[in-house]
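Structure assessment
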Amino acid sequence: MIELEHSQPEPPELRRFRGKKPNTPWNDLPHPVKDVIHKALDIEQENLCVYCETEINRKSCHLEHLQPQSIYPHLRFRYNNLAQSCNSPNHCGRKKGSQQIPVLPEPGCNNLFFLSGTDGKLEPNADLAQGQKDNVAKTIEILNLNSPDIARQRQQYITTVMGLGIDDDNFLSDQPFRHILQTIL
Ligand SMILES: [Zn+2]
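Please read these numbers as outputs of a predicted model, since none were measured by experiment. (Residues numbered from 1 in each chain as written. Predicted model: local features only at pLDDT ≥ 70, side-chain atom pairs only at ≥ 80, totals over all residues.)

Here we look at the overall build of the protein
Quick note on the threshold: Numbering of helices and strands runs from the N terminus, with a helix taken as a DSSP run of H or I at least four residues long and a strand as a DSSP run of E at least two residues long. A residue is called partly exposed when the number of other C-beta atoms within 10 Å of its own lies between 12 and 20, exposed at 12 or fewer, and buried at 20 or more, with C-beta atoms placed from the backbone. Here the contact rule is simple: place C-beta atoms from the backbone, and any two residues whose C-beta atoms are within 7 Å are in contact.
Check the secondary structure of the protein and you find 7 helices and 4 strands. Going from N to C terminus, the protein has its helices and strands arranged as α-α-β-β-α-β-β-α-α-α-α. When the backbone C-alpha atoms are referred to their principal axes, the protein occupies close to 50 × 35 × 25 Å. Across the 185 residues of the protein, 26% fall into the buried class. Of the contacts formed within the protein by residues at least 6 apart in sequence, a portion of 63% connects residues at least 24 apart.

Take a look at the structure:
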């Protein structure tokens, strides 16, 4: 997952809208406001899905509530609770729906995951306590991060980069699957 920091300032358009209409349904948020949120998140996520790290563009992604608004309605218009997810119906935000994931895409989250074998699948890091392993496994399941297409892309990308012999941190800094790559290169 992307270790999202929300280091960009909260867009003032979002803050103003929240101040005026905090209880508005999400879908009624005006498109110009959504646009500025996307622009801020583009910088933070470098055009990668926050969950599966595959490339996204404006047409192939949506704004995602990290904590579901059905449980946390007060976080509906909070920049810190928003991210960009790919639109695949089989994994990530569309698959998650209104479920809550135990492991959020935040700094340090990738230390909890481990790349198993050579099939591109993720599993909980073996060093974790059982409770943490269960949380990681549940997160993988809810987001379907080991769906065949994602696992295949992950493995192909990693094999390609390893084949090129690239282990430059500057190159890796904005690449998909960078955290896994940094642990195995
Ligand atoms: Zn995704």
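Examining the domain arrangement of the protein
Accessible area lost on assembly of the parts is the figure often given for the size of an interface. Counted only if it meets this: All the domain ranges listed were derived from an automatic or database domain assignment.
By domain assignment, the protein separates into domain 1 (12–89) and domain 2 (109–181). Computed from C-alpha atoms alone, the centre-to-centre distance between domain 1 and domain 2 is 24 Å.

So, the packing of helix α1 (residues 12–20) against helix α2 (residues 31–45)
Just so we agree on the cut-off: Helix axes are fitted to C-alpha atoms over the stretch in contact, other axes to C-alpha atoms as well, and angles between N-to-C directions run from 0 to 180 degrees. Any angle from 65 to 115 degrees is called roughly perpendicular, while one under 35 is roughly parallel, one over 145 is roughly antiparallel, and all others are oblique. Note: crossing handedness is left-handed where the near helix turns anticlockwise from the far helix by less than a right angle, and right-handed where it turns clockwise. Amino acid classes used here: Ala, Val, Leu, Ile, Met, Phe, Trp, Tyr, Cys and Pro are nonpolar; Asp, Glu, Lys and Arg are charged; the rest, including Gly, are polar.
It is at 8 Å that the axes of α1 and α2 come closest, and there the two elements cross at 135°. Taken together, α1 and α2 sit at an angle that is classed as oblique. When the axes of α1 and α2 are compared, the crossing they make is left-handed. Taking contact as the criterion, the partners of Glu13, Leu14 and Phe17 in α1 are, on α2, Pro32, Val33, Val36 and Ile37. Considered class by class, the residues forming the contact of α1 with α2 number 6 nonpolar, no polar and 1 charged.

Topic: the nonpolar core
Nonpolar side chains in soluble globular proteins tend to end up buried together. Keep this limit in mind: Core membership is restricted to buried Ala, Val, Leu, Ile, Met, Phe, Trp, Tyr and Cys residues, and these are joined into a nonpolar core through C-beta atoms within 7 Å.
With 26 residues, the main nonpolar core has Cys49, Val50, Tyr51 and Cys52 as its most contacted residues. Secondary structure elements with two or more residues in this core: α2, β2 (82–86), β3 (113–116) and α4 (130–143). Mapped onto the domain boundaries, this core takes at least three residues apiece from domain 1 (12–89) and domain 2 (109–181). Among all residues touching Tyr51, those that are not within four sequence positions of it are Met1, Ser85, Cys92, Gly93, Pro105, Leu143 and Leu145.

Digging into α2
Let me state the cut-off plainly: Under the convention used throughout, the expected extent of a helix is 1.5 Å for every residue step, that is, one less than its residue count. Arc, as used here, means the arc of the directions from the helix axis to the C-beta atoms.
Here α2 contains 15 residues, and its C-alpha end-to-end distance of 20 Å stays within 8% of the 21 Å for a straight helix at 1.5 Å per residue. Residues Ile37, Ala40, Leu41 and Gln45 constitute the buried set of α2. All buried residues of α2 fall inside an arc of 125° around its axis, so they share one side. Exposed and oriented more than 90 degrees from the buried face of α2 are His31, Pro32, Lys39 and Ile43. Here the buried face of α2 lies against α1, β1 (61–65) and β2.

Re the pairing of β2
We apply this condition: When DSSP finds two or more bridges between two strands, those strands count as paired.
The element β2 is extensively covered by neighbouring structure, given that 5 of its 5 residues are classed as buried. Side-chain alternation along β2 places Leu82, Gln84 and Cys86 on one buried face and Ala83 and Ser85 on a second face that is also buried. Sheet topology note: the β1/β2 ladder contains 5 bridges and is antiparallel. For Glu64, the partnering residue across the bridge sits in β2 and is Ala83.

Some thoughts on the environment of Lys133
Here Lys133 shows up in helix α4. For Lys133 and Leu112, which are 21 residues apart along the polypeptide, the C-alpha to C-alpha distance reads 8.0 Å.

Details of the environment of Cys49
By the secondary structure assignment, Cys49 is in the loop between α2 and β1. Measuring from C-alpha to C-alpha, the distance between Cys49 and Glu123 comes to 19 Å, with 74 residues separating the pair along the chain. Among all residues touching Cys49, those that are not within four sequence positions of it are Thr54, Ile56, Cys61, Gln84, Ser85, Cys86 and Cys92.

As for unusual backbone geometry
Non-glycine residue His6 carries a positive phi angle of around 50°. Mapped onto the fold, His6 is located in the segment before α1. On the basis of neighbour count, His6 is assigned to the partly exposed category, with 17 C-beta atoms found within 10 Å.

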